Amino acid sequence: MRLTVVQTLPALEAGGVERGTVEVAAALVRAGHRSIVISAGGRLLAPLLEAGSEHINIPIGKKSPLTARHIFSLRKLLLEQQVDVLHARSRLPAWIARLAWQSLPPATRPRFITSVHGPYSVNAYSRIMLVGEAVIAISQFIRRYIVANYPACDPGKIVVIPRGVSAAEFPHGHQPVPAWLIRWQQAHPDLKGKFILTLPARLTRWKGQEDFIDIVGRLKAAAVPVHGLMAGRAAPGKAAFSEALKRRVQAAGLGKSIRFLGQRDDLREVMAVSNVVVSLAREPEAFGRTALEALSLGIPVVAYDHGGASEVLQQIFPAGLVPPLDTAAAAERIRAFYAAPPTVAPQDVFTLERMLSRTLAVYEKSAGR
């Protein structure tokens, strides 16, 4: 039977939650179901629509008392569209969705599902993400976080579905097309012959850019011809941090050894021409998607041994794990990879196809299909 599934989130800008929403929406359409996404729109709206999903523009994640008015429009939508499954992917949208859902007759309202994408602050506001009839955790790390911090949540309803990447989008051994390589070499002629170390992450303190600067400095001191690339834009409200990072690079004498690439739409290609990609989150992340993408391309990754990144590397490339926050150990591991480049085997553990099939299985089981 054809399902109608609604996913709610604040917006469709770049990010793991947003990309996952678009991927699941496309999978629903391919499977013959109807997909509706409710958000404030954004950069990923075009691919969402191109894949056959519907979108309803409601700023359901805007932090304002006025957002509560959307409870009534969402209730009306759930009734009119005969929704089978309502999937909340973020906290404020989950509150709005839950209140709309509760006002419907229990016999006819849709199944309510939540997914936990991060180790949120432990409080009553975050508890909304555990009230789904099924709760999707995106890693074993997140499952442990839920069990440890919300003992009232029935562990039996938690379904661990790790994120995955497409082998078609991130093929092992991928090489950028000649036209891209020409543009890259013209833009960065000084990188020829350099050992490229890339940190793909938003510019925010907990993502580890300061550690990255320290690591590049240690590698230069060890006579490694390294050049560091920071690929990512400043997080909202973090422009001052971005400027402070640039001053720190200059103060360390690394102005010719580190560059800021800003937001990239060609991150796959940048990682493909890198020698090593690093994951330096100073706090455990829910899932190491960027590390997984690099490893899927066959690029070695050095990552702090905690959170979701640890789970990914333990399965695919354990040689890249180093103690958390230990920049000396990270630099030494990268130096060893420079001296003897390792091989990263193709991975079939964290695949997009597996993630999508398991997510749709949760929908179908919850709806009683």
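Refer to the structure above for everything that follows.
Residues numbered from 1 in each chain as written. Predicted model: local features only at pLDDT ≥ 70, side-chain atom pairs only at ≥ 80, totals over all residues. Heavy atoms only, no water.

Trainee: Explanation requested: the overall build of the protein chain in the structure shown.
Mentor: Helix and strand counts for the protein chain stand at 13 helices and 13 strands. Taking 21 Å as the expected radius of gyration for a compact globule of 369 residues, we find that the protein chain reaches 22 Å, a close match to that expectation. Burial analysis of the protein chain (369 residues in total) assigns 53% to the buried set. For the protein chain, the proportion of contacts with a sequence separation of at least 24, taken over those separated by at least 6, is 68%. (Helix = DSSP H or I, 4+ residues; strand = E, 2+ residues; numbered from the N terminus. Rg over C-alpha atoms; globule rule 2.2 N^0.38 Å. Buried < 20%, exposed > 50% of the residue type's maximum accessible area, 1.4 Å probe, protein only. Contact = heavy atoms within 4.5 Å.)

Trainee: I keep staring at the packing of aromatic side chains and nothing clicks. Help me out?
Mentor: The relative placement of two aromatic rings is captured by the distance of their centres and the angle of their planes. Within the structure shown, the criterion is met by six aromatic pairs. Between Trp180 and Trp184, the aromatic rings sit 5.2 Å apart at their centres with planes inclined by 15°, giving stacked as the arrangement. Linking Trp180 with Trp184, this pair stays in helix H6 (residues 178-187), spanning four residues, or about one helical turn. A relative accessible area of 8% places Trp180 in the buried class. Judged by its relative accessible area of 9%, Trp184 is buried. Look at Phe317 and Phe337: their rings are 5.7 Å apart centre to centre, the planes differ by 50°, and that puts the pair in the tilted class. Taken as a pair, Phe317 in the loop between helix H11 (307-316) and strand S13 (321-322) and Phe337 in helix H12 (residues 327-339) lie far apart in primary sequence, 20 residues in all. Taken as a pair, Phe317 and Phe337 share a single burial class, namely buried. A cation over a ring is seen here: Arg109 above Trp101, with NZ or CZ 3.8 Å from the ring centre. The ring of Phe260 is capped by Lys246, whose NZ or CZ atom sits 5.6 Å from the centre of that ring. (Phe/Tyr/Trp six-rings, centres within 6.5 Å; stacked < 30°, edge-to-face > 60°. Lys NZ or Arg CZ within 6 Å of the ring centre and 35° of its normal.)

Trainee: Can you help me understand the sheet that holds S13 in this one?
Mentor: Strand pairing in a sheet takes place through backbone hydrogen bonds and is either antiparallel or parallel in direction. Strand order in the open sheet made by the six strands is S10-S9-S8-S11-S12-S13, with parallel pairing throughout. The sheet is open, and its two borders are formed by strand S10 (258-262) and S13, each paired with just one other strand. Relative to strand S9 (residues 226-231), strand S8 (residues 195-200) runs parallel, the two sharing six bridges. Looking at the pairing, Leu199 lines up with Met230 of S9. Where helix H7 (residues 209-221) meets the sheet, it contacts S8, S9, S10, strand S11 (276-279) and strand S12 (301-304), and its direction lies at approximately 170° from that of S9. Lying over the sheet, H11 contacts S11, S12 and S13, oriented at roughly 140° with respect to S12. (Pairing = 2+ DSSP bridges. Axes fitted to C-alpha atoms, helices over the stretch in contact; angles between N-to-C directions.)

Trainee: I keep staring at the side chain of Glu23 and nothing clicks. Help me out?
Mentor: Residue placement: Glu23 occurs in helix H1 (residues 16-30). Look at Glu23 and you get buried, because its relative accessible area is 15%. In this structure Glu23 touches Arg289, Leu352, Met355 and Leu356, once residues within four positions along its chain are discounted.

Trainee: Can you help me understand the sheet that holds strand S2 (residues 34-39) in this one?
Mentor: Ordered by their spatial adjacency, seven strands build an open sheet running S3-S2-S1-S4-S5-S6-S7, and the pairing between neighbours is parallel. Two strands bound the open sheet, and with one partner strand each, they are strand S3 (54-57) and strand S7 (158-160). Each adjacent strand pair in this sheet contributes to an overall mean axis angle of 25°, direction not counted. Lying on the sheet, helix H5 (residues 140-149) is in contact with strand S5 (111-116), strand S6 (134-137) and S7; it crosses S7 at an angle near 160°.

Trainee: When you look at the pattern of salt bridges in this model, what are you seeing that I'm missing?
Mentor: A side chain with one charge can pair with a side chain of the opposite charge if their charged atoms come near. Under the counting rule described, the total for this entry stands at 17 salt bridges. Here Glu332 makes a salt bridge to Arg335, at a shortest N to O gap of 2.8 Å. Taken together, the positions of Glu332 and Arg335, both in helix H12 and three residues apart, correspond to about one turn of that helix. A single salt-bridge network, built from bridges that share partners, covers Arg19, Glu23, Arg289 and Glu293. (Salt bridge = Lys/Arg side-chain N within 4 Å of Asp/Glu carboxyl O.)

Trainee: How do you make sense of the nonpolar core when you look at a structure like this?
Mentor: Note on soluble globular proteins: their nonpolar side chains tend to be buried together. Ranked by internal contacts, the top residues of the largest apolar core, which has 86 residues, are Leu74, Val116, Ile146, Leu197, Val278 and Ile334. When sequence neighbours within four positions are dropped, the list of residues in contact with Val116 reads Met129, Leu130, Val135, Ile136, Ala137, Ile138, Ile142, Tyr145 and Ile146. If you look at the next biggest cluster of nonpolar residues, it comprises 17 residues, including Ile136, Met355, Leu360 and Ala367. (Core = buried A, V, L, I, M, F, W, Y, C linked by side-chain atoms within 4.5 Å.)

Trainee: Even after reading the chapter, I still don't get helix H8 (residues 239-251), so can you show me in this structure?
Mentor: Since the α-helix turns once every 3.6 residues, residues separated by three or four places project in the same direction. Between its first and last C-alpha atoms H8 spans 19 Å; for 13 residues at 1.5 Å apiece the expected length is 18 Å, and the two agree. Of all the residues in H8, the buried ones are Phe241, Ser242, Leu245 and Val249. Projected down its long axis, H8 shows its buried positions confined to an angular sector of 105°, all on one face. Away from the buried face of H8 by more than 90 degrees, exposed residues Ala239, Ala240, Arg247, Gln250 and Ala251 are located. Where H8 is buried, its residues touch H7 and S10. Gly253, located one to two residues past H8, shows a positive phi value of around 75°. (Expected span 1.5 Å × (residues − 1). Arc of directions from axis to C-beta.)

Trainee: What am I meant to see in a nonpolar patch on the surface here?
Mentor: A contiguous nonpolar surface patch, about 250 Å² in accessible area, is contributed by Trp95, Leu99 and Tyr125. Of the residues examined, Tyr125 reaches a relative accessible area of 32% and is grouped as partly exposed. (Patch = residues over 30% accessible without salt bridge, like charges linked within 9 Å, V, L, I, M, F, W, Y side chains within 5 Å. Areas by Shrake-Rupley, 256 points an atom, 1.4 Å probe, with all protein chains shown as cover.)

Trainee: Mind showing me how you'd approach the side chain of Thr21 here?
Mentor: Mapping Thr21 onto the fold places it in helix H1. Not counting residues up to four positions away in its chain, the partners in contact with Thr21 are Gln7, Leu9, Val37 and Arg89.

Trainee: Could you clarify how one ought to interpret the pairing of S8 in this entry?
Mentor: Each regular strand displays side chains that alternate between the two surfaces of the sheet. Of all six residues in S8, six are buried, a share of seventy percent or more. Burial along S8 is two-sided: the face carrying Phe195, Leu197 and Leu199 and the face carrying Ile196, Thr198 and Pro200 are both buried. Regarding topology, H7 serves as the crossover connection from S8 to the parallel S9, and that connection is right-handed. Sheet analysis places S8 next to S11, joined by two bridges and oriented parallel. (Right-handed = clockwise from strand over helix to strand, strands pointing away.)

By themselves, these figures tell us nothing about what the structure is for.
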